[in-house]
Amino acid sequence: MTAKGWRPVLQWAAAVASIAAVTAGGKLVGLNATTIGYVFLVVVLLLTMWGGLALGLAMSILATACFNFFFLPPYYTFTIEEPANWIALSAFLVTSIVVGRLVVLARRQAERAETRRREIETLYGLSMDLFTSTTRVAPLGEAAGRALTLLGASAGGLVLFEGGNSYRQQVVWWTGPRGDEVEDIVAGVGRHSQPVQLPSRFGTDFYLPLVLGGRASGVLVARGAHTSKEALESVARLVAIAVEREKYIEESAHLGALREADALKTSLLRAISHDLTTPLTSISIRTEGLKRHAARDSDLAEDVNGIAEDTSRLRRRIEGLLAMARLEGGTIRPRPEPTPPGDLFRAVRENLPRVFESRSVTARVEPDCPDAYVDPSLALEVLVNFVENADRVSPAGEPLELFARKHPLAGDQVRIEVLDRGPGIGAIENSSALSPSDVPGRGLGLEIARSLAAASGGSIGLSNRPGGGAVARLDLPAAPAIVAREEV
Amino acid sequence: MVDDDPGIRESLSKELRSAGYETIAASDGREGFALTKARSPDLVLTDLAMPVSDGYELISAIRASLTTPIIVLSVRSGDPDIVRALDLGADDYVTKPFSVTELLARVRSQLRRSAKLLSTVLAFEGLTIDLDRRHVVQKGREVRLTPTEFALLELLATNAGRPVLLDQIIARVWHGAPATTGDTVRVHMSALRRKLEPDSANPRYIVNEPWVGYRFIAEPLT
């Protein structure tokens, strides 16, 4: 027999001995029946508290017998003469049993409270472990393990599902043996998000899903646990929250990095546009000063005009690139507004004075042509690009035409065309003398135009013009027609 | 002229001087305001983004006590910055890089406006507007306008050469009526333009100022 096995025997022997000692002591001192009754009662209560209800019950019967035998007349018999003594004896027995029971109940309650306190302390410790320090999942498993041990589980583990798939199990922490059946149980618990409880050699095995709302993100296993299911479920919930938090921290770090990259891009764009625009402004102002001085020297004037033209082309290219970058980076969105095509044509003329001075450019808007619903600055970039290209491929003196009308097929669109009498697009593709930016679809300028048109909800196209030359088309959404309700 | 970039200050001063104007240059808003107070120029040209004290600060400071015309030199067209500057009291803007010719035209227009006495008959090339008789003649033919259209035309023409904000139009023509939106303004404006413009492909009088409002572009006859 083990030391533990001896314990009840010793307890009972000690209890009997203490009743005997009280009896002998009482007899020696010559205590009266009332006093010894109280002493017996106190001893029986103490023994009940110490040894439990069964021991207490047995000791109350033994004490009653001793009380009767040694202290109630006639002494040394179990007979009782006076009826009052019967009552005293019965009262003693009932009191000792009832109070004994109460004492035991109180003690059990205290023990349960103590257990709950320990559980809560453990859960608190776990929550602190989980939420104050961890930034990775490994310490999460260790913290859960510590909590399970404190709650009396002999073994256990924490399994997380990768991407919510219960068959892709990542074992974060595990103690004790782990067979294939464990993996299957874990997968089943994860799929159904329902806890499973199985009896085992050491107690009960709990498989608790880590669920917060939707699907299980993993399973917490507690083997041979003697603690309450509620406490284990609390642990599982805490771990589930911690896992979610982990995921969230990871995602927000990623988002933060993206935001930072975006902010960097924005400030870079801002800096570039400022740092390029300021010297360009200075250059164009000085060029105009030079133009004035060069008015008398035609060779010089031509050169200076060339510089002015190149400067403004450079500026437009930079603006186009920046606009494209801003649109793609999402730092600006197109701000469409109803825009009359005539306004766009006028703005083109202001942007390309040299083209309009050097050749005849006619602009025409059909009477029934609706306004375009477009970001004016984007549409302008596209048209300026078209006209510049048309000007460069057209022989000197050949006119250009700007034409706006309702789209012939789609009534909710506006078609704006730039027509030239250049070599047309088939010829351009065969020409080796032209730079790539003149070749439709391949040059930087047209690439920018295509991207800006697309951002405006429109499209561009290029085709040969009947009778020679090319037609560059920009199709844009039409602004909804609203009619004024006011009489003349 | 207020700009933090010495290159622009120097080149622009030179151009303005050769156009016959006298210039004073400052490198930030505070210095600009001090010089405006001390020398009372006829016109202020200012950049918006400047270290220490920016263009907005300068515009607010000037508008608190002076009516000196202000033209803003802005980096990007269609920027909310421009609307903000106009709201604060700037009279016009040009976007960098601008042409000197364009800037000089704006400067002339502002100087003329501030010097001009309020006349009741506004005359432009091919267009006469009699404000008292509410009579509009375009190339010899009378243009019949609705009261709203006339109010629009009056507001724009008395501010000829200067951008008028959508909000200002709503406040002045519709007296800030709550349901008035940019769309309402656009509808009446396009009706007005249909009646006024001889060729819609080449507007001569009124143009959209993207995201800002409208501008009356014809030069007043003197």
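Quick caveat: nothing in here was measured; it's all calculated off a predicted structure. (Residues numbered from 1 in each chain as written. Chains lettered and ligands numbered in written order. Predicted model: local features only at pLDDT ≥ 70, side-chain atom pairs only at ≥ 80, totals over all residues. Heavy atoms only, no water.)

## Concerning the overall build of chain B
And step 1. Within chain B one finds eight helices and ten strands.
And step 2. Residues classed as buried in chain B amount to 51% of the 222 residues present.
And step 3. Taking the contacts inside chain B whose residues are at least 6 apart along the sequence as the reference set, 55% of them involve residues at least 24 apart.
And step 4. Carbon and sulfur atoms make up 51% of the accessible area of chain B, which amounts to about 9900 Å² in all. (Helix = DSSP H or I, 4+ residues; strand = E, 2+ residues; numbered from the N terminus. Buried < 20%, exposed > 50% of the residue type's maximum accessible area, 1.4 Å probe, protein only. Contact = heavy atoms within 4.5 Å. Areas by Shrake-Rupley, 256 points an atom, 1.4 Å probe, with all protein chains shown as cover.)

## Describing the sheet that holds strand β1 (residues 44-47) of chain B
Residues and elements named next belong to chain B.
And step 1. Reading across the sheet, the three strands line up as β1-β2-β3 and stay open at both edges, with parallel pairing between neighbours. With partners counted over all chains shown, the strands left at the sheet margins are β1 and β3 (92-95), one partner each. Taking each pair of neighbouring strands and ignoring which way they run, the sheet shows an average axis angle of 25°.
And step 2. In this structure, β1 lies alongside strand β2 (residues 70-74), joined through four bridges in parallel fashion. If you follow Thr 46 over to β2, its bridge partner there is Val 72.
And step 3. Those strands touched by helix α3 (residues 55-63) are β1 and β2, and its axis lies near 150° from that of β1. (Pairing = 2+ DSSP bridges. Axes fitted to C-alpha atoms, helices over the stretch in contact; angles between N-to-C directions.)

## What to know about the packing of aromatic side chains
And step 1. Tallied over the entire structure, the rule returns ten aromatic pairs over all chains.
And step 2. When the ring of Phe 69 of chain A is compared with that of Tyr 76 of chain A, the centres are 6.2 Å apart and the planes differ by 75°; the resulting orientation is edge-to-face.
And step 3. Given a relative accessible area of 22%, Phe 69 of chain A falls into the partly exposed group.
And step 4. For Tyr 76 of chain A, a relative accessible area of 47% translates into the label partly exposed.
And step 5. Their ring planes at 45° and their centres at 4.8 Å tell us that Phe 69 of chain A and Phe 78 of chain A sit as a pair that is tilted.
And step 6. Residue Phe 78 of chain A is classed as exposed on the basis of its relative accessible area of 53%.
And step 7. In this arrangement the basic side chain of Arg 364 of chain A is found over the ring face of Phe 403 of chain A, its NZ or CZ atom lying 4.1 Å from the centre.
And step 8. Directly above the aromatic system of Tyr 93 of chain B lies the positively charged group of Arg 215 of chain B, at a separation of 5.9 Å from the ring centroid. (Phe/Tyr/Trp six-rings, centres within 6.5 Å; stacked < 30°, edge-to-face > 60°. Lys NZ or Arg CZ within 6 Å of the ring centre and 35° of its normal.)

## A closer look at the packing of α3 of chain B against helix α4 (residues 80-88) of chain B
All names here are of chain B.
And step 1. The interhelical angle for the contact between α3 and α4, taken along N-to-C directions, is 15°, at an axis separation of 9 Å. As judged from the angle between their axes, α3 and α4 are roughly parallel. With respect to the hand of their crossing, α3 and α4 are arranged in right-handed fashion. Residues Tyr 56, Ile 59, Ser 60 and Arg 63 of α3 touch α4, and the partners they reach there are Asp 81, Arg 84, Ala 85 and Leu 88.
And step 2. Per-class residue counts for the contact of α3 with α4 are four nonpolar, one polar and three charged. (Parallel < 35°, antiparallel > 145°, perpendicular 65-115°, else oblique. Left-handed = near helix turned anticlockwise from the far one by under 90°. Nonpolar A, V, L, I, M, F, W, Y, C, P; charged D, E, K, R; others polar.)

## As for the sheet that holds strand β8 (residues 163-165) of chain B
Residue and element names in this part refer to chain B.
And step 1. Sheet architecture is open: three strands sit in the order β8-β10-β9, paired in antiparallel fashion. This sheet does not close on itself; its edge strands, each paired only once, are β8 and β9 (206-209). Neighbour to neighbour, the strand axes of the sheet diverge by 30° on average, direction disregarded.
And step 2. For β8 and strand β10 (residues 213-216), the ladder comprises three bridges, and the chain directions are antiparallel. In the sheet register, Pro 163 faces β10, and the bridge partner there is Arg 215.
And step 3. Taken strand by strand, helix α6 (residues 147-158) contacts β8, β9 and β10, and its axis lies near 65° from that of β10.

## Concerning the packing of helix α4 (residues 83-132) of chain A against helix α7 (residues 229-293) of chain A
Residues and elements named next belong to chain A.
And step 1. In the contact formed by α4 and α7, the axes pass within 10 Å of each other and the chain directions differ by 10°. Put simply, α4 runs roughly parallel to α7. Facing α4, whose interface residues are Glu 119, Leu 123, Leu 126, Ser 127, Leu 130 and Phe 131, α7 presents Ala 231, Ser 234, Val 235, Leu 238, Val 239, Ile 241, Ala 242 and Arg 245.
And step 2. Within the contact of α4 with α7, the residues separate by chemical class into ten nonpolar, two polar and two charged.

## Regarding the interface of chain A and chain B
And step 1. The interface is formed by 39 residues belonging to chain A together with 40 residues belonging to chain B.
And step 2. Linking chain A with chain B are three salt bridges, by the criterion used here.
And step 3. Here Arg 193 of chain B and Asp 343 of chain A are joined by a salt bridge, their closest N and O atoms 2.4 Å apart.
And step 4. Counting across the chain A and chain B interface gives 13 residue pairs in polar contact (both at pLDDT 80 or more).
And step 5. At the level of elements, α7, α8 (298-329), β6 (337-339), α9 (341-351), β7 (361-365) and α11 (376-393) of chain A are the ones that each hand at least two residues to the side of chain A that touches chain B.
And step 6. In terms of residue count, the dominant contributor to the side of chain A that touches chain B is α7 of chain A (13 residues).
And step 7. Taken together, the residues of the side of chain A that touches chain B sort by class into 13 nonpolar, eleven polar and 15 charged. (Salt bridge = Lys/Arg side-chain N within 4 Å of Asp/Glu carboxyl O. Polar contact = N/O pair within 3.5 Å; in protein donor to acceptor, adjacent residues only side chain to side chain.)

## Description of the pairing of β10 of chain B
Residue and element names in this part refer to chain B.
And step 1. Here β9 pairs with β10 via four bridges, running antiparallel. By the bridge assignment, Glu 209 is partnered in β10 with Gly 213.
And step 2. Here β9 folds back onto β10, and the loop between the two strands holds three residues, one of which, Trp 211, carries a positive phi near 65°.

## Points about a negative patch on the surface
And step 1. A cluster of acidic residues, Asp 180, Glu 181, Glu 183 and Asp 184 of chain A, forms a negative patch on the protein surface.
And step 2. Tracing the chain through its elements places Glu 183 of chain A in helix α6 (residues 180-192). (Patch = residues over 30% accessible without salt bridge, like charges linked within 9 Å, V, L, I, M, F, W, Y side chains within 5 Å. Lys, Arg positive; Asp, Glu negative; His and termini not counted. Charge placed at Lys NZ, Arg CZ, Asp CG, Glu CD.)

## Some points on the environment of Gln 194 of chain A
Residues and elements named next belong to chain A.
And step 1. With respect to the helices, strands and loops of the structure, Gln 194 is situated in the loop between α6 and β3 (196-200).
And step 2. Distance from Gln 194 to Leu 208, taken between C-alpha atoms, is 7.3 Å for residues 14 residues apart in sequence.
And step 3. In this view, Gln 194 contacts Val 189, Tyr 207 and Pro 209; residues no more than four positions away in its chain are not counted.

## Thoughts on a nonpolar patch on the surface
And step 1. A contiguous nonpolar surface patch, about 380 Å² in accessible area, is contributed by Leu 28, Val 29, Leu 31 and Val 39 of chain A.
And step 2. Looking at the secondary structure, you find Val 39 of chain A in helix α2 (residues 33-51).

## A closer look at the side chain of Asp 28 of chain B
All names here are of chain B.
And step 1. Tracing the backbone through its elements, the reader meets Asp 28 in the loop between α1 (6-18) and α2 (29-39).
And step 2. Among the polar contacts made by the side chain of Asp 28, one reaches the main-chain amide nitrogen of Arg 30 at a distance of 2.8 Å.
And step 3. In terms of polar contacts, Asp 28 uses its side chain to reach the backbone amide nitrogen of Glu 31, at 3.1 Å.
And step 4. Excluding residues within four positions of it along the chain, Asp 28 makes contact with Val 2, Met 50, Pro 51, Val 52 and Ser 53.

## Describing the confidence of the model for chain A
And step 1. Across chain A, the average pLDDT comes to 82, with 92% of residues at or above 70.
And step 2. Note that residues 430-442 of chain A has pLDDT below 50 and, in this model, 21 contacts with residues that lie over four places away or in other chains. (pLDDT = per-residue confidence, 0-100.)

## Focus: the pattern of salt bridges
Residues and elements named next belong to chain A.
And step 1. Under the definition given, this model contains 31 salt bridges over all chains.
And step 2. Across the pair Arg 313 and Asp 310 runs a salt bridge, and its minimum N-O distance is 3.7 Å. Taken together, the residues span about one helical turn, with Arg 313 and Asp 310 both in helix α8 at a distance of three residues.
And step 3. Classification of Arg 313 by relative accessible area gives partly exposed; the value is 29%.
And step 4. In this structure, the salt-bridge partner of Glu 417 is Arg 405, at a minimum N-O distance of 3.1 Å. Here Glu 417 is found in strand β10 (residues 413-419), whereas its partner Arg 405 is found in strand β9 (residues 400-406), with twelve residues between them in sequence.
And step 5. Among the residues examined, Glu 417 registers a relative accessible area of 8% and is labelled buried.

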